[in-house]
Amino acid sequence: MGVDADVLTDWFDEVGRDLPWREPECSAWGVLVSEIMLQQTPVARVQPIWLEWMARWPVPSALAASSQGEVVRAWGKLGYPRRALRLHAAAAVIAAEHGDVVPSDVDTLLALPGIGAYTARAVAAFAYGKRAPVVDTNVRRVVARAVHGAGDAGPPSNTRDMADVEALLPPEDAPAAKLSAALMELGALVCTARSPRCADCPIYEDCAWQRAGKPAYAGPAKQIQKFAGTDRQVRGLLLDVLRGSEGPVEKARLDLVWDESGQRDRCLDSLLVDGLLEQTQDGLFALPGEH
DNA sequence: TACTCGTGGTT
DNA sequence: TAACCAAGAGT
């Protein structure tokens with residue numbers, strides 16, 4: 001019933017994707033960078049940027065030695081650019097306090113900026129082969145279906161979600177880490193949100209949702225995120241001007257990207273507060289450190 | 001807990 | 001076409 005660890009692990013060995021951060025020779029730093037980039041950003045868009053980053057910044061101290069602006073620029077259009085600043089800050093801490101070695105301990109990882117419950121355990125499991133409940137949106141969905149027989153995961157509850165996954169993990173480190181990767185891969189490739197490919201599922205027979213006749217999701221409606229017209233869109237447009245420019249720009253350039261001046265100025269201010277932009281002595285706007 | 005924070009592909 | 005979705009974190 002539920003999830004057969006051996007069957008799922010074998011399936012993962014067979015059809016799991018050959019992603020560069022899964023190569024045995026990939027460093028823990030490479031794993032960490034991939035995990036941050038993959039937060040809410042699809043694999044296909046992360047991969048080319050990750051390869052550039054690994055070539056340019058092969059160790060945390062190399063990234064820390066670059067300016068924030070260079071890092072934000074190299075982040076490109078992966079989205080949520082505050083992640084780039086947090087990764088830069090994390091790299092500085094790793095270089096200064098951890099001998100340029102990414103920590104393997106979950107609590108130490110959790111203390112780093114931009115690393116939360118998911119990423120800390122993902123690094124411990126995928127970079128260091130540790131047994132840890134790695135709970136992302138894919139795993140939550142797989143557990144909701146295969147274990148609980150629901151159509152989809154309900155609202156997240158970190159404690160309960162991690163306990164659910166912990167109960168599935170085999171006792172030894174290496175097999176547990178591998179199952180963690182397999183659970184995520186199943187959610188990404190087969191047990192997908194929109195139209196799950198149950199015909200290709202290795203644990204179809206054991207799946208509680210399938211056994212129950214695949215009932216529709218019965219939980220509370222999920223809040224849909226608007227984008228058009230939000231501050232998020234305006235901030236993105238403003239920052240894109242700086243990414244596309246060599247040096248500082250005048251405010252008049254930024255004023256072109258959005259009509260409504262109140263929202264525009266509020267967003268510009270929030271970018272300054274976040275440290276994604278800076279203002280020069282002449283009143284121009286620049287990426288942090290690039291003036 | 002609920003909300004905010006980018007971007008672009010898929011249905 | 002608009003809605004949905006994507007390896008979350010911070011507040």
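What you see is a predicted model, and the numbers here were worked out from it, not measured in a lab.

With that settled, the discussion passes to the overall build of chain A. Of the regular secondary structure elements, chain A holds 15 helices and two strands. Relative to the 2.2 N^0.38 estimate, which gives 19 Å for 291 residues, the radius of gyration of chain A is 21 Å and therefore close to what a compact globule would have. Principal-axis analysis of the C-alpha atoms gives chain A an extent of 65 × 45 × 30 Å. Per-residue burial over chain A gives 45% buried out of 291 residues. Long-range contacts, defined here as pairs at least 24 residues apart, represent 63% of the contacts in chain A between residues at least 6 apart. When the 30 positive and 39 negative side-chain charges of chain A are each reduced to one mean point, those points stand 7 Å apart.

Moving on: helix α1 (residues 5-15). Where α1 is concerned, the buried positions are Leu8, Thr9, Trp11 and Phe12. Viewed end-on, α1 has its buried residues packed into an arc of 160°, placing them on one side of the element. Of the residues in α1, the exposed ones pointing more than 90 degrees away from the buried face are Asp6 and Glu14. Buried residues in α1 make contact with α11 (173-189). N-cap assignment for α1: the residue whose side-chain oxygen lies 3.1 Å from the backbone N of Asp6 is Asp4.

The environment of DNA strand B is made up of 18 residues, and the closest members are Gln225, Phe227, Arg235, Gly236 and Arg243. In the interface set of DNA strand B, defined as its atoms within 4 Å of the protein, sugar plus phosphate atoms amount to 59%. Residue Gln40 places a main-chain N or O atom 3.1 Å away from a base nitrogen belonging to DNA strand B. Residue Arg45 places a side-chain N or O atom 2.8 Å away from a base oxygen belonging to DNA strand B. Ranked by residues supplied to the surface near DNA strand B, first place goes to helix α13 (residues 231-243) with five residues.

Turning our eyes to something else, we now look at the packing of helix α9 (residues 137-147) against α11. The geometry of α9 relative to α11 is characterised by a closest axis approach of 8 Å and an angle of 85° between their N-to-C directions. By the angle class used here, α9 and α11 are roughly perpendicular. Every residue of α11 that contacts α9 at Asn138, Val139, Arg141 and Val142 is listed here: Leu183, Met184, Leu186, Gly187 and Ala188. The class makeup of the residues in the contact of α9 with α11 is six nonpolar, two polar and one charged.

Grouped together as the largest cluster of nonpolar side chains are 34 residues, with contacts concentrated most on Trp29, Leu32, Met37, Trp53 and Leu87. The element that contributes the greatest number of residues to this core is helix α2 (residues 28-37), accounting for seven residues. With residues near it in sequence (within four places) discarded, Met37 still touches Val46, Ile49, Trp50, Trp53, Trp75, Leu78 and Arg83. Of all hydrophobic cores here, the second largest spans 32 residues; its members include Val3, Trp11, Val139 and Val190.

The local shell around DNA strand C holds 28 residues, among which Glu35, Leu38, Gly114, Thr119 and Asn138 are the closest. Here, DNA strand C places atoms within 4 Å of the protein, and 68% of those atoms are sugar or phosphate. Between DNA strand C and Trp21, the relevant distance is 2.9 Å, taken from a base nitrogen to a side-chain nitrogen or oxygen of the residue. Here a phosphate oxygen of DNA strand C sits 3.4 Å away from a polar atom, N or O, in the side chain of Lys226. Put simply, the parts of the chain that give the surface near DNA strand C at least two residues each are α8 (117-128), α9 and α11.

This next bit is on the packing of aromatic side chains. Using the criterion set out here, one finds three aromatic pairs in the structure. Each ring, one from Trp53 and one from Trp57, has its centre 4.8 Å from the other, and the planes form 80°; the classification is edge-to-face. Since its relative accessible area comes to 1%, Trp53 is described here as buried. Centre to centre, the rings of Trp53 and Trp75 are 5.7 Å apart; their planes meet at 70°, and the pair counts as edge-to-face. Placement of Trp53 in helix α3 (residues 43-56) and of Trp75 in helix α5 (residues 68-75) is noted, with a sequence separation of 22 residues between them. Both residues of the pair, Trp53 and Trp75, belong to the buried class. Above the face of the Trp209 ring, Arg145 is positioned so that its terminal group lies 4.8 Å from the ring centre.

Rules used throughout
- Residues numbered from 1 in each chain as written.
- Chains lettered and ligands numbered in written order.
- Predicted model: local features only at pLDDT ≥ 70, side-chain atom pairs only at ≥ 80, totals over all residues.
- Heavy atoms only, no water.
- Helix = DSSP H or I, 4+ residues; strand = E, 2+ residues; numbered from the N terminus.
- Rg over C-alpha atoms; globule rule 2.2 N^0.38 Å.
- Buried < 20%, exposed > 50% of the residue type's maximum accessible area, 1.4 Å probe, protein only.
- Contact = heavy atoms within 4.5 Å.
- Lys, Arg positive; Asp, Glu negative; His and termini not counted.
- Charge placed at Lys NZ, Arg CZ, Asp CG, Glu CD.
- Arc of directions from axis to C-beta.
- Polar contact = N/O pair within 3.5 Å; in protein donor to acceptor, adjacent residues only side chain to side chain.
- Near = heavy atom within 4 Å.
- Axes fitted to C-alpha atoms, helices over the stretch in contact; angles between N-to-C directions.
- Parallel < 35°, antiparallel > 145°, perpendicular 65-115°, else oblique.
- Nonpolar A, V, L, I, M, F, W, Y, C, P; charged D, E, K, R; others polar.
- Core = buried A, V, L, I, M, F, W, Y, C linked by side-chain atoms within 4.5 Å.
- Phe/Tyr/Trp six-rings, centres within 6.5 Å; stacked < 30°, edge-to-face > 60°.
- Lys NZ or Arg CZ within 6 Å of the ring centre and 35° of its normal.

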